[in-house]
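Commentary on secondary and tertiary structure
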Amino acid sequence: MHAFTHTRIHAARTAELAAEAAAWRLTRDAAPAAAPAPAALRNRLGEALVAAGTRLMRPEQLPARVQRHAV
């Protein structure tokens, strides 16, 4: 049971890091090299990253049979 929980936590963290890296890559590739990104784009990107991180940090609901054994 412990290994299963650890694996899920590790997988969630890996997915979070991959999503953040992809967002940064998309932003960097979309912006021209000479001009900084407009403030509105940076704000929207920041809000999206915060929302994604918040969703990933929420505890996942365990199936009912697992909850019964855990109590």
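In this report, we go over the structure that sits alongside the text. Here the structure is a predicted model, which means the values were calculated and not measured.

**Some details on the overall build of the protein chain**
For the protein chain, the helix and strand inventory stands at three helices and zero strands. Evaluated residue by residue, the protein chain yields a buried proportion of 10% over its 71 residues.

**A word on the environment of Ala48**
On the secondary structure map, Ala48 appears in helix 2 (residues 39-57). Distance in space between the C-alpha atoms of Ala48 and Glu20 is 9.9 Å, their sequence separation being 28 residues.

**A short note on the environment of Leu45**
Among the secondary structure elements, Leu45 is positioned in helix 2. Looking at Leu45, the relative accessible area reads 18%, which means it is buried. C-alpha of Leu45 to C-alpha of Thr27: the two residues are 18 residues apart in sequence and 8.1 Å apart in space.

What counts, and at which threshold
- Residues numbered from 1 in each chain as written.
- Predicted model: local features only at pLDDT ≥ 70, side-chain atom pairs only at ≥ 80, totals over all residues.
- Heavy atoms only, no water.
- Helix = DSSP H or I, 4+ residues; strand = E, 2+ residues; numbered from the N terminus.
- Buried < 20%, exposed > 50% of the residue type's maximum accessible area, 1.4 Å probe, protein only.

Nothing here speaks to function; it is all geometry.
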